[in-house]
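As a plain string of letters, each chain reads:
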Amino acid sequence: MDSQNSVTIKKMNAIGIVDDREDVRSTMKISIELALSKFNKEWIVVDTPPFVEKDEYYPWIKENGVCVLLMDERLNEEMIDGETSVDYTGHELVQVIREKEKELPIIAITSHSDDEDLQENLSYFDNIVDRNEFNLKSEDYVNRFIRFGQKFIDQYRSELLEISSISDRIAQGSQTDKDLEDLAVLQTKLSLGYQDNTLKGRSEWLNEFESSTEELEQLKDKLWQYLSSLK
């Protein structure tokens, strides 16, 4: 039974929360889960205090199937291990996440929405929401977050279908130079053919896609063999 529950969770999409205050994370999580239950949406909410190292977020996002990320701006105010706080803020963190997750919806939810540093880095976020405003209109905002997340998922679905179409043309020998260029770009963007499986857990169709990784590896080998034959 536990194993089945675990698989179900991995197939769901998640809204992730990063905040240094446990009470804030807990309140937000409950508020979002209540809204999701009203919308009858099969989404989950996951939360975490700030990680010591900024590069720890990327595996966390992957493993939990985070499709929308909510973060505080002042992540460095509370101690995370009883002794020290992190040495970065939300606008510094989002820049690091964007190095690998350029399309992931990231929203700052903060009581300091007019913070000068935050405003200067506005372009890294999809939205900046005042915390009091969120508390007053949580259902409206959660509905908006879901739309952001679904758009993100649909974009990946579209790109995976494009990969499948190009792969079919390669198998038939009818590919063009542009097909090969597009495939290389999409493989890089989606991290296909690498061991880290960046798409893991995003949604049920992505989990099904992962089960065909071996087939994609074979297609990749054929592609490189073809490219080598052109030299």
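Bear in mind that the values here come from a model prediction, so they are computed numbers and not experimental data.

A. View of the overall build of the chain. Across its full length, the chain carries 10 helices and five strands. Across the 231 residues that make up the chain, the buried fraction comes to 42%. Contacts in the chain between residues far apart in sequence, at least 24 positions, make up 67% of those at least 6 positions apart. For the chain, the computed accessible surface area is about 13,000 Å², with 45% contributed by carbon and sulfur atoms.

B. Representation of the nonpolar core. Core analysis: the biggest nonpolar cluster contains 46 residues, and Ile 32, Leu 69, Leu 70, Met 71 and Phe 145 have the highest contact counts within it. With seven residues, helix 7 (residues 138–172) is the largest single contributor of residues to this core. If we ignore the near neighbours within four places in the chain, the residues touching Met 71 are Val 18, Gly 90, Leu 93, Val 94, Ile 97, Ile 106, Ile 107, Ala 108, Ile 109 and Phe 125. The next biggest cluster of nonpolar side chains, apart from the first, holds six residues, and it includes Ile 163, Leu 180, Leu 183 and Leu 186.

C. Quick peek at the pairing of strand 2 (residues 43–48). Among the six residues of strand 2, five are classified as buried, and the element is accordingly described as predominantly covered. Looking at chain direction, strand 1 (residues 13–18) and strand 2 are connected through six bridges and run parallel. Opposite Val 18, over in strand 2, you have Thr 48 as the bridge partner. Read from strand 1 through helix 2 (residues 22–39) to strand 2, the crossover connection turns out right-handed.

D. Spatial organisation of the layout of surface pockets. Computed from the structure, the second largest pocket encloses a volume of approximately 190 Å³. Taken together, Arg 98, Lys 102, Glu 103, Leu 104, Pro 105, Asp 126, Phe 148, Lys 151, Phe 152 and Gln 155 form the lining of the second largest pocket.

E. Fine view of the packing of helix 2 against helix 7. One can describe the packing of helix 2 onto helix 7 by two numbers: an axis separation of 9 Å at closest approach and a directional angle of 75 degrees. Considered as vectors, helix 2 and helix 7 are oriented roughly perpendicular to each other. Residue-level inspection shows Ser 31, Ile 32, Ala 35, Leu 36, Lys 38 and Phe 39 of helix 2 in contact with helix 7, the latter providing Ser 138, Glu 139, Val 142, Asn 143 and Ile 146. Among the residues making up the contact of helix 2 with helix 7, the classes are represented as six nonpolar, three polar and two charged.

F. Representation of the side chain of Asn 121 in the model. As for its placement among the helices and strands, Asn 121 is situated in the loop between helix 5 (116–120) and strand 5 (127–130). A relative accessible area of 12% places Asn 121 in the buried class. Polar side-chain contacts of Asn 121 include one of 2.8 Å to the backbone oxygen of Asp 117.

G. Local environment of helix 2. The terminal C-alpha atoms of helix 2 lie 26 Å apart, and with 18 residues this matches the ideal 26 Å at 1.5 Å per residue to within 8%. Along helix 2, the residues classified as buried are Val 24, Arg 25, Met 28, Ile 32, Ala 35 and Leu 36. One side of helix 2 holds all its buried residues, which, seen down the axis, span an arc of 105 degrees. For helix 2, the exposed residues lying more than 90 degrees away from the buried face are Glu 22, Thr 27, Ile 30 and Lys 38. Buried positions along helix 2 lie against strand 1, strand 2, strand 3 (66–71), strand 4 (106–110), helix 6 (131–136) and helix 7. Downstream of helix 2 by one or two residues, Asn 40 has phi in the positive range, about 60 degrees.

H. Here's a closer look at a negative patch on the surface. On the surface, a cluster of negative charge is made up of Glu 53, Asp 55, Glu 56, Asp 87, Glu 92, Glu 116, Asp 117 and Glu 120. If one sorts the elements of the negative patch by residue count, helix 5 sits on top with three residues. With respect to the helices and strands, Asp 117 occurs in helix 5. Owing to a relative accessible area of 40%, Asp 117 belongs among the partly exposed residues under this scheme.

I. Fine view of the sheet that holds strand 3. Read across the sheet, five strands follow the order 2-1-3-4-5 without closing on themselves; strand pairing throughout is parallel. Since the sheet does not close on itself, it has two edges, and those belong to strand 2 and strand 5, each with one partner. Taking the axes of each pair of neighbouring strands and ignoring which way they run, one obtains an average angle of 25 degrees across the sheet. Here three bridges tie strand 3 to strand 4, and the two strands are oriented parallel to one another. Following the sheet pairing, Met 71 is matched in strand 4 by Ala 108. Sitting on the sheet, helix 2 touches strand 1, strand 2, strand 3 and strand 4, and the angle it makes with strand 2 is about 175 degrees. Those strands touched by helix 4 (residues 90–97) are strand 3 and strand 4, and its axis lies near 155 degrees from that of strand 3.

The rules behind the values
Residues numbered from 1 in each chain as written. Predicted model: local features only at pLDDT ≥ 70, side-chain atom pairs only at ≥ 80, totals over all residues. Heavy atoms only, no water. Helix = DSSP H or I, 4+ residues; strand = E, 2+ residues; numbered from the N terminus. Buried < 20%, exposed > 50% of the residue type's maximum accessible area, 1.4 Å probe, protein only. Contact = heavy atoms within 4.5 Å. Areas by Shrake-Rupley, 256 points an atom, 1.4 Å probe, with all protein chains shown as cover. Core = buried A, V, L, I, M, F, W, Y, C linked by side-chain atoms within 4.5 Å. Pairing = 2+ DSSP bridges. Right-handed = clockwise from strand over helix to strand, strands pointing away. 1 Å grid on protein atoms, 1.4 Å probe; cavity = no way out; pocket = protein on both sides within 12 Å on 5 of 7 lines; lining within 4 Å. Points joined across faces, edges and corners; volume = space filled by probe spheres on them. Axes fitted to C-alpha atoms, helices over the stretch in contact; angles between N-to-C directions. Parallel < 35°, antiparallel > 145°, perpendicular 65-115°, else oblique. Nonpolar A, V, L, I, M, F, W, Y, C, P; charged D, E, K, R; others polar. Polar contact = N/O pair within 3.5 Å; in protein donor to acceptor, adjacent residues only side chain to side chain. Expected span 1.5 Å × (residues − 1). Arc of directions from axis to C-beta. Patch = residues over 30% accessible without salt bridge, like charges linked within 9 Å, V, L, I, M, F, W, Y side chains within 5 Å. Salt bridge = Lys/Arg side-chain N within 4 Å of Asp/Glu carboxyl O. Lys, Arg positive; Asp, Glu negative; His and termini not counted. Charge placed at Lys NZ, Arg CZ, Asp CG, Glu CD.

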